[in-house]
Amino acid sequence: MTTPLPRPATGDPLRGWAPAGALLGVGWWLVGGVIGIVVRFGVPTPAELLVDVNGARGVWVAAMGLQTAQQILLVPFLLALLAALRPTDSLQVVALAAFGFSAVCFAISGIVHGVFGVHQAADTTDIAELTAAQIDLATVTHAIADTSYFAGIVATAVATGFALERMRRLGGFPAHLLRIGWVAVVCHGLQFGWFFVAAMGGFGAAGGVLQGLWFIAMARWLSSDETVRSTRVSLS
């Protein structure tokens, strides 16, 4: 005889942790939207970025500060996710912990762009007035911040992919959570085609929107009274 185990119980700490994912998802949307507005939804050169940031320094600092600060929300959400998915081996734990690595990468990116980038952009209003030294320094800053950001994207895609595979094996998770997650992972991967075809950079925006949606949807489902584990317990 088998019987389903409800998840989570009313007093389960999981219910208190999961909503952090919803806030994290909203943060992904806000940061991505602000960055898009500041750079006019283009891919600026380091010199162009200095001019763009100069015209919106307050907004840019706020966005980078949010990108950095919101990473703390991954801690409770990851705990909720680990409790829900119950990884059975070290590889699964490490893969899901890649969310933690992504938080470090995004925080570094936010700090470098938000502090060093803004300082360099403080007196930049005209690209023609930039010296070669200023452009070189902006290029280095841009490279460090972007490398950290894209490392965070890769880590997020890896962790999300392993979470989705674990969800598929466990069963009982709504199909829309799997669909949203996998499309987000695919978009994260496709955006790197930008190095070969500039238009593929658009997948980065799509991936950000869908990743945020996945965090929100997962948080909602994990917090819902309707969530039920598909796990079966044998009763003798």
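Everything here concerns the structure above.
Here the structure is a predicted model, which means the values were calculated and not measured.

Regarding the overall build of the protein
- Scanning the protein from terminus to terminus reveals nine helices and two strands.
- Reading the helices (α) and strands (β) of the protein from amino to carboxyl end gives β-α-α-α-α-α-α-α-α-α-β.
- For the protein, the proportion of contacts with a sequence separation of at least 24, taken over those separated by at least 6, is 80%.

Examining the packing of aromatic side chains
- Considering all chains together, one arrives at 11 aromatic pairs under this definition.
- Summarising the aromatic geometry, the rings of Trp 28 and Phe 215 are spaced 6.1 Å apart at their centres and angled 55° between planes, so their arrangement reads as tilted. Linking Trp 28 in helix 2 (residues 19-38) with Phe 215 in helix 9 (residues 202-223), this pair joins segments that are 187 residues apart in sequence.
- Among the aromatic residues, those joined into a cluster by ring pairs are Trp 28, Phe 77, Phe 99, Phe 106, Tyr 149, Phe 150, Phe 192, Trp 194, Phe 195, Trp 214 and Phe 215.

Focus on the pattern of salt bridges
- Enumeration over the complete set of coordinates arrives at three salt bridges.
- Arg 40 is the partner of Asp 52 in a salt bridge, and the nearest nitrogen-oxygen pair spans 2.4 Å. In this pair, Asp 52 is assigned in helix 3 (residues 46-54) and Arg 40 in the loop between helix 2 and helix 3, connecting sequence segments 12 residues apart.
- According to the relative accessible area criterion, Asp 52 is buried, its value standing at 9%.
- Of the charged contacts in the structure, one is a salt bridge between Arg 168 and Glu 165, with a shortest N-O distance of 2.5 Å. Here Arg 168 and its partner Glu 165 are both found in helix 7 (residues 132-170), three residues apart, which amounts to about one turn of the helix.
- One network of salt bridges, in which partners are shared, links Glu 165, Arg 168 and Arg 169.

Focus: the packing of helix 6 (residues 90-121) against helix 7
- Two elements in contact, helix 6 and helix 7, have axes whose closest approach is 7 Å; the angle formed by their N-to-C orientations is 155°. Considering the angle they form, helix 6 stands roughly antiparallel to helix 7. Handedness of the helix 6/helix 7 crossing: left-handed.
- When its residues are assigned to classes, the contact of helix 6 with helix 7 shows 22 nonpolar, 12 polar and two charged.

Comments concerning helix 5 (residues 74-85)
- Look at helix 5: 16 Å from first C-alpha to last across 12 residues, which is about the 16 Å you get at 1.5 Å a residue.
- Considered for burial, the residues of helix 5 that qualify are Leu 74, Phe 77, Leu 78, Ala 80, Leu 81, Ala 84 and Leu 85. Within helix 5, the buried residues cover an arc of 160° as seen down the axis, which keeps them to one side.
- Looking at the residues trailing helix 5, positive phi occurs at Arg 86, about 45°.

A closer look at unusual backbone geometry
- One non-glycine residue, Arg 40, lies in positive phi territory at about 55°.
- A residue is classified by how much of its surface remains accessible, and Arg 40, at 62% relative accessible area, is exposed.
- With a phi angle near 55°, Phe 41 is a residue other than glycine that sits in the positive phi range.
- For Phe 41, the location among the structural elements is in the loop between helix 2 and helix 3.
- A residue is classified by how much of its surface remains accessible, and Phe 41, at 66% relative accessible area, is exposed.

Quick word on a nonpolar patch on the surface
- Together, Val 26, Trp 29, Leu 30, Leu 66, Val 209 and Leu 213 give the surface a local cluster of nonpolar side chains, amounting to about 470 Å² of exposed area.
- Those elements that place two or more of their residues in the nonpolar patch are helix 2 and helix 9.
- By residue number, the principal contributor to the nonpolar patch is helix 2, which donates three residues.
- Inspection of the secondary structure puts Val 209 in helix 9.
- Of the residues examined, Val 209 reaches a relative accessible area of 47% and is grouped as partly exposed.

Structural notes on the nonpolar core
- In terms of nonpolar packing, the biggest core is built from 36 residues, with Leu 81, Met 167 and Trp 214 touching the most fellow members.
- Sort the elements by how many residues they give to this core and helix 7 lands first, with eight residues.
- In this structure, Ala 47, Val 53, Ala 56 and Ala 63 belong to the second largest nonpolar core, which totals 14 residues.

What to know about the packing of helix 5 against helix 6
- Interhelical geometry of helix 5 versus helix 6 gives an angle of 170° and a closest axis separation of 10 Å. In terms of axis orientation, helix 5 runs roughly antiparallel to helix 6. Across from Leu 74, Leu 78, Leu 81, Leu 82 and Leu 85 in helix 5, the residues of helix 6 making contact are Leu 96, Ala 97, Phe 99, Ser 102 and Ala 103.

Cut-offs applied
Residues numbered from 1 in each chain as written. Predicted model: local features only at pLDDT ≥ 70, side-chain atom pairs only at ≥ 80, totals over all residues. Heavy atoms only, no water. Helix = DSSP H or I, 4+ residues; strand = E, 2+ residues; numbered from the N terminus. Contact = heavy atoms within 4.5 Å. Phe/Tyr/Trp six-rings, centres within 6.5 Å; stacked < 30°, edge-to-face > 60°. Salt bridge = Lys/Arg side-chain N within 4 Å of Asp/Glu carboxyl O. Buried < 20%, exposed > 50% of the residue type's maximum accessible area, 1.4 Å probe, protein only. Axes fitted to C-alpha atoms, helices over the stretch in contact; angles between N-to-C directions. Parallel < 35°, antiparallel > 145°, perpendicular 65-115°, else oblique. Left-handed = near helix turned anticlockwise from the far one by under 90°. Nonpolar A, V, L, I, M, F, W, Y, C, P; charged D, E, K, R; others polar. Expected span 1.5 Å × (residues − 1). Arc of directions from axis to C-beta. Patch = residues over 30% accessible without salt bridge, like charges linked within 9 Å, V, L, I, M, F, W, Y side chains within 5 Å. Areas by Shrake-Rupley, 256 points an atom, 1.4 Å probe, with all protein chains shown as cover. Core = buried A, V, L, I, M, F, W, Y, C linked by side-chain atoms within 4.5 Å.

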